[in-house]
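Coordinates in review
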Amino acid sequence: LGVASETAAKARLKMQAGVRRRARSTIRGSIFQHVDLAELDLVEGAFSSLAGFQRMKDVNKWRGHCGPGLFGWGGDGNKGAMLKHCRNEIREALTTVPAALDREAVHNFRNILGWMADRPLPESQRLGYAQDIVQVAEVNGALADETFVQVMKQLTTNPSPFSELLGWKLMLLLCQRVRPSHGLEDFLRTFLLRAVQNENGEVSSLAKQCISDLNVLSAPEKVVCGEENIVPVEVILIDRTIRKVHLSQDGTLKQLAERLAQQLRITNAPDFGLFQSTEGLDMHRLLPEEAVLSTLLPKWRQLLTNTGRASQLLYKRRFLRVDESLRPGDLMHATLTFQQAVWDYLRYPLPEDPEALAKIAANIIIAEGDRFLPIVQAGRLYDPGVLEQLIPATSLCLQNRGKWGALVARHHTILRRRTDHSEPRLAKMSRVLSLLQRMKLFGSYYWVGTQVASLAADKAAIPEAPARMLKLNQREPEGEYWICVDLFGVRFISINSTPDCGFSRGFLFNEEAVERVLCWGGKQNVVQFVVSSFNPQQPAAGRVPMTVALHSPAAVDVAYTVHTVQRMLQGT
């Protein structure tokens, strides 16, 4: 029996070594489909504890964490949490680094606390920390290992699912850009392999991708098999995290989107597309699937030179639907859909009823409880940057922050009493989505435009458009509007609308509609629609084709978006 046990132990060690070896080479992640990692007892391996890392400081000599007070003085520094999650800042680096870099290591950990929402910050400030953290690890090789160790520490026994998920997104970004030292690499890979077993499917997926991206970084030649002129392409998601995809520079955006959907394990890939996200602009530009990387990216570099604005590829839903629900069987699809719906909501262009918005805000707090609950419990809803994550900017100015805070807090108290705390997060997210779907412009693209009463022939986007111009609003023939496009049609909503009143007129794509869109076009700063409608001067003629023309800087984008909708409706 003893011989059998010894043989089994040796076999287990060989299996551990084999899985680690295969995990070092996987690019597509196929190893995770064939090996039961739970049987490998990875926690017993030589690289399971960071305390064994050669450059790790002795816990008895480490100066510990700062205290929770104003100046961080007092206490033993909570040294027991040296390699576990802690919300307090550290007094010195966790690993041995040059003395000149110790302060920067401490500052980088403070940024990690901010990125992972362990340190309260306005969302706009938090979003910038991930790039800063990774840049420190990239620029200062001596701090690369320290940064990996700091993130691994904060991911260990982290009680907050929200903070943990943000930490894994940061870990993925590190694995895409920074190579750990040879001494740390086995500790890091063991940590990642253990995380693959995480019950949270999103964390498990991120850990698998970390392993694949770390392998690409270590041996980029493994990616080029079967393809030529391979280049790494960075794509941002709606939560501003980054994914890296390797593709031929002659590849199309459709191929890139398909490759990214595979990486994210999204089953319904056609729902998503690629957009241009330009620095300083909230509007995202829908890009043609046929666009080629080798043509597109040089144009963006030239745009950066000319304007100083950098552009990035953004992967998100092409259209959100008013009748859809979140898919339990496709977690990443559901998560990205929810995040995009909230992102769009916070940038909603029209003021809305404060009671309805406060109800939505309360549901967002419940859905992302571990992110907002400490703020609500501390009565800090009024703090700068908090309401901005719950109420659209266009409505936030309707009343003072005190009233908004009290209104949201009241709705949250009512909702909390009615909510089952064991309810799955997906159900809470679905409730938020259903409320957002009731909003007038849910799922719409929108741009600003001014109607024009006449148009020179050389400016026309539709050469043979009807001469008869339709005035959208008889009282304001050259009014300024939000041009709103969704899967149902085109609406024109006065720019100065309020929750109580405002002009709106729409034309549907449905052939049976009384007022419908017949054709469209965009040229330079002019967008034109030929619509079927009643001519108020000749009502007996019934519905007749007339032209609606507007000046808009986004004229071509408006026309292309309508074109995309038509292709979707026709199934092409």
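Quick summary incoming for the structure in this document. (Residues numbered from 1 in each chain as written. Predicted model: local features only at pLDDT ≥ 70, side-chain atom pairs only at ≥ 80, totals over all residues. Heavy atoms only, no water.)

1. Overview of the packing of helix α12 (residues 354–367) against helix α15 (residues 401–418)
- Following both chains from N to C, one finds α12 and α15 inclined at 55 degrees, their axes separated by 8 Å at the closest point. Overall, the two elements α12 and α15 adopt an arrangement that is oblique. In terms of crossing hand, the pair formed by α12 and α15 is right-handed. For the pair α12 and α15, contact is made by P354, E355, L357, A358, K359, A361, A362, N363, I365 and I366 and by W404, L407, V408, R410, H411, H412, L415 and R416, respectively.
- Here the residues of the contact of α12 with α15 sort into 11 nonpolar, 3 polar and 4 charged. (Axes fitted to C-alpha atoms, helices over the stretch in contact; angles between N-to-C directions. Helix = DSSP H or I, 4+ residues; strand = E, 2+ residues; numbered from the N terminus. Parallel < 35°, antiparallel > 145°, perpendicular 65-115°, else oblique. Left-handed = near helix turned anticlockwise from the far one by under 90°. Contact = heavy atoms within 4.5 Å. Nonpolar A, V, L, I, M, F, W, Y, C, P; charged D, E, K, R; others polar.)

2. Examining helix α6 (residues 161–177)
- An ideal rise of 1.5 Å per residue puts 24 Å on 17 residues; α6 measures up with 25 Å between its terminal C-alpha atoms.
- Among the 17 residues that make up α6, 16 are buried, leaving the element largely enclosed by the rest of the structure. (Expected span 1.5 Å × (residues − 1). Buried < 20%, exposed > 50% of the residue type's maximum accessible area, 1.4 Å probe, protein only.)

3. Concerning the pattern of salt bridges
- Under the counting rule described, the total for this entry stands at 20 salt bridges.
- Where E515 meets R505, a salt bridge forms, and the shortest distance between an N and an O atom there is 2.6 Å. In this pair, E515 is assigned in the loop between β9 (504–508) and β10 (516–523) and R505 in strand β9, connecting sequence segments 10 residues apart. (Salt bridge = Lys/Arg side-chain N within 4 Å of Asp/Glu carboxyl O.)

4. Let's talk about the pairing of β10
- One ladder, built from 7 bridges, connects β10 with strand β11 (residues 526–534); its direction is antiparallel. Across the sheet, G522 pairs through a bridge with V527, a residue of β11.
- Where β10 folds back onto β11 in an antiparallel hairpin, the turn is made up of 2 residues, including Q524, whose phi is positive at roughly 50 degrees. (Pairing = 2+ DSSP bridges.)

5. What about the environment of K359?
- Looking at the element boundaries, K359 is found in helix α12.
- Along the backbone, K359 and A409 are 50 residues apart, and their C-alpha atoms lie at a distance of 9.6 Å.
- Apart from the residues within four sequence positions on either side, K359 is in contact with H411 and L435.

6. Some points on the nonpolar core
- Residues W168, M171, L192, V490, F492 and F529 are the most contacted members of the largest nonpolar core, which totals 80 residues.
- Ignoring sequence-local partners within four residues, the contact set of M171 consists of F148, V151, M152, L155, L188, F191, L192 and C210.
- Counting 41 residues, the second largest nonpolar core, distinct from the first, contains V386, W404, L407 and L435. (Core = buried A, V, L, I, M, F, W, Y, C linked by side-chain atoms within 4.5 Å.)

7. A closer look at the sheet that holds strand β1 (residues 230–236)
- The mixed open sheet is built from 5 strands, whose spatial order is β2-β1-β5-β3-β4. A single partner strand is all that each edge strand has here, and the edge strands are β2 (242–248) and β4 (284–286). Neighbour-to-neighbour, the strand axes of this sheet turn through a mean angle of 45 degrees, independent of strand direction.
- Looking at chain direction, strand β3 (residues 272–278) and strand β5 (residues 311–317) are connected through 7 bridges and run antiparallel. Residue F275 lies in a different strand from β5, and its bridge partner there is L314.

8. Observations concerning the packing of helix α11 (residues 331–346) against α12
- Two numbers describe how α11 lies on α12: the axes approach to 13 Å, and their chain directions differ by 145 degrees. Where α11 crosses over α12, the two elements pack in a sense that is left-handed. Counted together, F338, V342 and Y345 of α11 and L357, I360, A361, I364 and A367 of α12 form the full contact between these two elements.
- Its residues assigned to classes, the contact of α11 with α12 shows 8 nonpolar, no polar and no charged.

9. What about the side chain of E324?
- The topology assignment puts E324 in the loop between β5 and α11.
- The class for E324 is buried, based on a relative accessible area of 13%.
- Within polar-contact distance, the side chain of E324 engages the side chain of R317 at 3.0 Å.
- Setting aside anything within four residues of it in sequence, one finds E324 in contact with R317, F319, T337, L433 and Q437. (Polar contact = N/O pair within 3.5 Å; in protein donor to acceptor, adjacent residues only side chain to side chain.)

10. Some points on the environment of L287
- Relative to the helices and strands, L287 resides in the loop between β4 and α10 (293–307).
- It is 7.8 Å that separates the C-alpha atoms of L287 and G273, two residues lying 14 residues apart in sequence.

11. Focus: the pairing of β1
- Bridge count between β1 and β2: 7 bridges; the pairing is antiparallel. By the bridge assignment, V233 is partnered in β2 with V245.
- In this antiparallel pair of consecutive strands, β1 and β2, the connection spans 5 residues, and R240 shows a positive phi of 75 degrees.
- Here β1 runs beside β5; their pairing, made up of 2 bridges, is parallel. The partner of I236 across the bridge, within β5, is L314.

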